[in-house]
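So you can see what is in the structure, the chains are spelled out below.
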Amino acid sequence: MKTILILAAAVSSFTFTARAAEPAPSAKDLAASLSALQQDGSAFVRLKMAVKPAGGGPKTAFQLQIKQRRTKSSTEVVYQVIWPKDRAGEAVLLRQSGNDGGSGSQFLPPNTLRPLGQMKDSLFGSDLSYADVLENFFAWENQTIVGTEVVDRVNCQILESKPGKDQHSGYSGVRSWIDLRRLVPLRIEKYSATSALVRRIDTTDVAKDDMGRSIPANLTIQSPQKGSATSLEGSKIKHGVTYKDSEFTPEGIKEITPPPSAP
Amino acid sequence: MTFFTIIVRGLWRRPVRTGLTLVGISIGIAAVVALVGISRGFEQSWAMGMKARGTDIVVSNMGSALAPKPFSSSVRDHIASIPGVAATCAIFVDLTSIEDSSMMVVSAREWGGFSWKNLKLLSGRMPNDSMESAVVLGQNAAEVLKKKIGDTVQIEAKELSVVGIVDGGALVENGSVILSLPLYQEISGNEGKINIIDIRATPGMTAEEVKSLCAKINTLIPEARAMPAGDNVGNSQAYRFISAMSWGTSLLAVIVGVLGVMNTMLMTVFERKQEICILLAIGWKRSRIIRMVLLESAMLGFLGGIGGVIIGTVGVKILETLPAIHGLLEPDLSARLMVISVAIAVIVGVLSGLYPAWRSSRLTPSLAMQG
């Protein structure tokens, strides 16, 4: 029995030593890697979104298709409702360049096309704002690792991101619980100027995408102040697709085009 | 009093403890039956789907995803020209969220291909041509999507009419949304792409000849891998992962069972120290004492195994009736799995009894006098 205990202790100390030897990335490096993963070129995404209103009313489900072109310095995203039938065709175009606050257009069938109001407004009545879709807080100036915590049995580094002077955001800071092995945030919390929790985003399913990278396959977004929640379940993602520039114009979002062919 | 009676009496001495130990083993074995049965059922249902389509060989590129990776449809023409290939049918199988359902199998088949022939119309009709905006639904798919003939179903951004409900002869077929390949290629942005080729070999080929044909296809086609029908899912990384998870979870449950039995048997040995010493004093050999303890723990395992098989089977049957799962599961609750599960339980019992048996063999008759 003693031998077994000694062996177990030796194995665990070796494992501990081996893990301790791996240098943890700095906050800046970690944020830069996550930012690069987020701003990863063109992609087509299909997902199901279910919005559960505050007070426990019936859920509203949507099938959405998302077209996006994300580079280090700019983001263009089109969200289009393809189901249910009575909302099909509703679309939102969001654009952000550099550190501007972002802008966009909304299309409501049959022919209402208007500029978006405020970027903090809700996307299709969900718990996501337009700003949430555009903002890449991993590219913000101030990044700090503020601790570690186990989320869903995974040891995560807590990365705190705060916007710099020239960076526009409705949030004073964002905390992300990062699974370093898969480089995926398993939880994100966004705070208001008064440090109140505005959004909490959790992932319970991490899957591999078409490029073999780990990505969240589902997200649950909670707005503690409102008491509502939105769940997103991804069903398809294609990277490296080719879009026409016209698809990212206010006129272009009036039409739902089929998913582009992957190369 | 026979040797067997002593064993039974030993277990019956503390009925609550024995009962709780049995519950522990039963739960472990129930996990084996349920999880392994479900994952093997999944594999078998794919194999049955292939058989129902009359497929001998499947060419696909099963990566880490549940659906195979797409490749050029020209591969089909190349394969069709290989001697030994009697017929081919190009397919695009996708797993996607449709309307309010989370994940559905969409099976897009070459128009006129042999994979359409096994579909038995239960109501309605088949699509009229390859580009008619129409689908037929497997009977379980119709139930899950809550659709009937004349309804519409939206795939990607395209609204398609449900023109028929079919029985495909296998769970996978019955859970699929079936439509023509060119139509799906167009609406899903996969023009010129397929991800499965069903092959019928020349009639009369033996299993060995089918395997040789697969090998020949694999040397000629680098884009995908040919396998005898039924083997392809078992070889996919995703299925292997699911299978490994099932066995892994079951193993954990079994380890808990091992510790439970070991604890019970150790307690039994400690409590019956005097009895064992007296048995040694009246001439029982140490090997007979070891046999007694091992048989007691093996019997615990056997009874726990039987209990586990019953709990696992009932549990899976209840799972099958749940609305969220109904029609999606076809577990393999075969006699073979039951026998394997009970055998695992008995082995677990014997292994758990080894240490207590060794402890009991070290007792001496003189200890009986010490009280």
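First, a word on scope: everything that follows refers to the structure included in this document. Keep in mind it's a predicted model, so treat the numbers as computed, not measured.

Once that is clear, we can look at the nonpolar core. Within the largest apolar cluster, 55 residues are counted, with the highest numbers of intra-cluster contacts made by Ile-57, Val-59, Val-135 and Val-177 of chain B. Leaving out residues up to four positions away in the same chain, Val-177 of chain B has contacts with Ile-98, Met-104, Val-106, Val-135, Leu-137, Ala-141, Val-153 and Ile-155 of chain B. Of all hydrophobic cores here, the second largest spans 49 residues; its members include Met-119, Leu-123, Tyr-130 and Trp-140 of chain A.

Time to look at the interface of chain B and chain A. With 16 residues of chain B at the interface, the matching set in chain A holds 16 residues. Of the residues forming the side of chain B that touches chain A, the biggest block, three residues, is contributed by helix H6 (residues 181-188) of chain B. Split into classes, the residues belonging to the side of chain B that touches chain A amount to three nonpolar, eight polar and five charged.

Residues and elements named next belong to chain A. The amide bond that connects Trp-83 to the next residue, Pro-84, takes the cis arrangement and shows omega of 10°. By secondary structure assignment, the location of Pro-84 is in the loop between strand E3 (74-83) and strand E4 (91-97). In this model, Pro-109 is joined to Pro-110 through a cis peptide bond whose omega is 10°. When you line up the elements, Pro-110 lands in the loop between strand E5 (103-108) and strand E6 (112-115).

This part is about the environment of Ser-246 of chain B. All names here are of chain B. Among the structural elements, Ser-246 can be located in helix H9 (residues 237-271). On the neighbour-count criterion, Ser-246 (20 C-beta atoms within 10 Å) is buried. Expressed as a C-alpha distance, the spacing of Ser-246 and Ala-31, which sit 215 residues apart in the sequence, is 8.5 Å. Not counting residues within four places of it along the chain, the set of residues in contact with Ser-246 comprises Leu-35, Val-36 and Ser-39.

Residues and elements named next belong to chain B. It is the contact of helix H1 (residues 3-12) with helix H11 (residues 286-321), at a shortest axis distance of 9 Å, that shows an interaxial angle of 60°. As judged from the angle between their axes, H1 and H11 are oblique. Classified by chirality, the crossing of H11 by H1 is right-handed. Within the contact between the two elements, H1 uses Ile-6, Ile-7, Gly-10 and Leu-11 and H11 uses Met-292, Leu-295, Glu-296, Met-299 and Leu-300. Its residues placed into classes, the contact of H1 with H11 shows seven nonpolar, one polar and one charged.

Criteria and cut-off values
- Residues numbered from 1 in each chain as written.
- Chains lettered and ligands numbered in written order.
- Predicted model: local features only at pLDDT ≥ 70, side-chain atom pairs only at ≥ 80, totals over all residues.
- Core = buried A, V, L, I, M, F, W, Y, C linked by C-beta atoms within 7 Å.
- Buried ≥ 20, exposed ≤ 12 C-beta atoms within 10 Å, placed from the backbone.
- Contact = placed C-beta atoms within 7 Å.
- Helix = DSSP H or I, 4+ residues; strand = E, 2+ residues; numbered from the N terminus.
- Nonpolar A, V, L, I, M, F, W, Y, C, P; charged D, E, K, R; others polar.
- Axes fitted to C-alpha atoms, helices over the stretch in contact; angles between N-to-C directions.
- Parallel < 35°, antiparallel > 145°, perpendicular 65-115°, else oblique.
- Left-handed = near helix turned anticlockwise from the far one by under 90°.

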